[in-house]
Amino acid sequence: MPRTTAPTPAAIPMEASHEKMNIVIVGHVDHGKSTLVGRLLADTGSLPEGKLEAVRENCRLNAKPFEYAFLIDALSDEQSQGITIDAARVFFKSRKRHYILIDAPGHIEFLKNMVTGASRAESALLVIDAKDGIQENSRRHGYLLGLLGVRHVAVVVNKMDLVDFSQAVFDAIRAEFTEFLQETGVTPAAFIPVSGMTGDNVAGSGSRMPWHTGGTILEALDAFQKEPPLDDQPFRMPVQDVYKFTQFRDDRRIVAGTLLGGRLRPGQEVVFLPSGKKSQVNSLEVFNAPTPAVVSAGQTVGFTLREQIYVQRGEIASLTGEPPPKVSSRIRISLFWLGRRPMQLRKEYVLRLGTARVKARLEAVNRVMDASSLATQENKGRVERHDVAECVLSLGKALAFDLATENKSTSRFVIVDEYEICGGGIILEALPDAQKWVRDKVILRNYKWEPGLISMETRQERYSQRPALIIVTGAKEAEKKRIAKELESTLFTIGRLVYYLGIGSVLYGVDADIRSASGESGHAEQIRRLGEIAHILLDAGVILILTMVDMTAEDLEVLRTVVNPDLIETVLVGDHALPGVSYTLQVMGGTQVADSVREIKTVLQDRGILYR
Ligand code: GTP
Ligand code: MG
């Protein structure tokens, strides 16, 4: 193999600024990514003293040709196989800033590593072999960069030495790839003809391609603009955890998480979504450091609130007066799939976004694109490995998020199938779902909610119980009411705060104005109001028992939207189960009312609703 050196090696003075940028280098297998990374390190003088010589010597001793790619010996495995497996990270600096270069593998088997690397990057170099031309993963990686929101991309046409530094070859690749990229939303900042072998146009401009006036890779990197700081975006903090002060009678909680956008100061009013609960920030708390006056994007923080509202992990905190995140249980997404098994309609997956985890089902596949060719297929009904698709997901419960165009980090999600990440994507649109009319009311109610001074924990301690909504349901003739009333008596006798609420009690009172309203909407509104009553009683710490004839999945969904779904227990009397409804417990009823009540009581103890 001929050994040539860079025509104008550019040793970089060491007083580079402290600005940092993450770049990922992607492209088809063997197109020369690692070689270019090695070159960049060598030609910017970023290698440790003697490293280059040591690697050359080692190659000589082993009688194998020297490769610049060997310099990235992060993985021993990688060297022996000659392909990059994991995404290796190397550091170097230019006059302008510090770079963290993520060398992603080009082999299709390692697409997941490429995605991981790219999702950490602000900008990218996409490498195409001049001789081999545009290949499947040149396109696929280009498409994924667009999907992952990597906006700054320079296309590097490498191995120009193999095509005699021909401008015609370069121009043809540029024309074809520019057209392709237009469909992916990526606008390349530059096209650069280079040779990793000779060093032309890597860190120093070469003499072999005088026709190229567009600069070197290093110049293209330095020309990338930093993304505007996330501090100036609306405040976003996915709730990571809620810690309770453990000291006696201290009801304060610390809500903790990492800011994905904006800034936060004490005194500001935060709103949590999907619940819509709000309160003012009392104090900021950071680990092992004095209390700051303000925290901004990227920082991890805890804060206490004026009111002791109950918020949960997975909610997103936003600020009153700023655009709120979207909330829905149906989303239109752009998705890539890496799972060995295709993603299928109706199968249950888990979606993770920020700190939230929700069940997700593929409701529709609008179109599937073979990312390598961008050929689209409509109505495919599933998403195969390495496909990119536009789909609709329906979620097990409402999720808060932003759209990809608003805030990348609160729009990106991954899909988990059997504990393994199998895909990921971004959210394009919040679709209306059946619960929207209910949820909008709930968000407003929570926003307007006036909490008292007594916390839920204090109530629980006093009553030796957790509040719960027990819905006793079954066919018309099943012994629901007797069981419900007996259960109320039993719990009351052992000193618990419990209440049986008959549907009639609500229908002719609270629902008097809509009782005769016919049709679907009248019924759903009745259920919503029932839920609102339940919500108040649960907030008071009560165990509330309701009966309903043949509660449907839709009824349950409305109730789950109005009251905290974790507090709902469903008991089926008899065997008339309805599709889509999951029951905590099934009892026989009939002549065995006492047994049924005992069974329910045992379950309430097991679930920690009744403290022993
Ligand atoms: P993966 O990590 O497996 O995707 O490959 P890669 O893109 O990192 O390719 P790598 O840098 O390992 O280079 C692949 C082969 O191409 C090596 O044998 C290199 O020596 C060769 N190569 C890289 N750049 C050039 C170049 O500019 N000219 C010539 N002639 N060969 C090159
Ligand atoms: Mg490589």
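Scroll up for the structure.
The following paragraphs examine the structure supplied in this document.

Cut-offs used in this document
Residues numbered from 1 in each chain as written. Chains lettered and ligands numbered in written order. Predicted model: local features only at pLDDT ≥ 70, side-chain atom pairs only at ≥ 80, totals over all residues. Heavy atoms only, no water. Helix = DSSP H or I, 4+ residues; strand = E, 2+ residues; numbered from the N terminus. Buried < 20%, exposed > 50% of the residue type's maximum accessible area, 1.4 Å probe, protein only. Contact = heavy atoms within 4.5 Å. Areas by Shrake-Rupley, 256 points an atom, 1.4 Å probe, with all protein chains shown as cover. 1 Å grid on protein atoms, 1.4 Å probe; cavity = no way out; pocket = protein on both sides within 12 Å on 5 of 7 lines; lining within 4 Å. Points joined across faces, edges and corners; volume = space filled by probe spheres on them. Nonpolar A, V, L, I, M, F, W, Y, C, P; charged D, E, K, R; others polar. Pairing = 2+ DSSP bridges. Axes fitted to C-alpha atoms, helices over the stretch in contact; angles between N-to-C directions.

Notes on the overall build of the protein chain
Phase 1 of the analysis: Across its full length, the protein chain holds 14 helices and 29 strands.
Phase 2 of the analysis: Residues classed as buried in the protein chain amount to 50% of the 612 residues present.
Phase 3 of the analysis: The long-range share in the protein chain, meaning contacts at least 24 apart out of those at least 6 apart in sequence, stands at 72%.
Phase 4 of the analysis: Approximately 28,200 Å² of the protein chain is accessible, and the part contributed by carbon and sulfur atoms is 50%.

A short note on the side chain of S138
Phase 1 of the analysis: Tracing the backbone shows S138 in helix 5 (residues 136–148).
Phase 2 of the analysis: Setting aside residues up to four positions removed in sequence, S138 forms contacts with H28, H31, L126, I128, G133 and F177.

Here's the deal with the layout of surface pockets
Phase 1 of the analysis: Quantified by volume, the second largest pocket comes out at close to 1,300 Å³.
Phase 2 of the analysis: If you trace the second largest pocket, you find 38 residues lining it, with S119, R120, K408, S409 and R412 closest to the centre.
Phase 3 of the analysis: Contributing elements (two or more residues each) for the lining of the second largest pocket: helix 4 (111–119), strand 18 (348–353), strand 23 (412–417) and strand 24 (420–430).
Phase 4 of the analysis: A per-class count over the lining of the second largest pocket returns 16 nonpolar, twelve polar and ten charged.

Some remarks on the sheet that holds strand 4 (residues 123–129)
Phase 1 of the analysis: Taken together, six strands build an open sheet; the order of strands is 2-3-1-4-5-6 and the sheet is mixed. Strand pairing shows two members of the sheet lacking a second neighbour, strand 2 (88–93) and strand 6 (188–193), which therefore form its edges. On average, each strand axis in the sheet is inclined to that of its neighbour by 25°, with strand direction left out of account.
Phase 2 of the analysis: By the bridge criterion, five bridges tie strand 1 (residues 20–27) to strand 4 in an arrangement that is parallel. Residue pairing for strand 4: I23 is matched across the bridge by S123.
Phase 3 of the analysis: Where helix 6 (residues 167–182) meets the sheet, it contacts strand 4, strand 5 (152–158) and strand 6, and its direction lies at approximately 160° from that of strand 6.

Considerations on empty space enclosed by the protein
Phase 1 of the analysis: The final tally for this structure, using the stated rule, is one cavity of 30 Å³ or more.
Phase 2 of the analysis: If you go around the largest cavity, the residues you meet are V242, R253, V255, L305, E307, Q308 and I309.
Phase 3 of the analysis: Tallied by class, residues from the lining of the largest cavity come to four nonpolar, one polar and two charged.

Everything listed here is a matter of geometry and, on its own, says nothing about what the molecule does.
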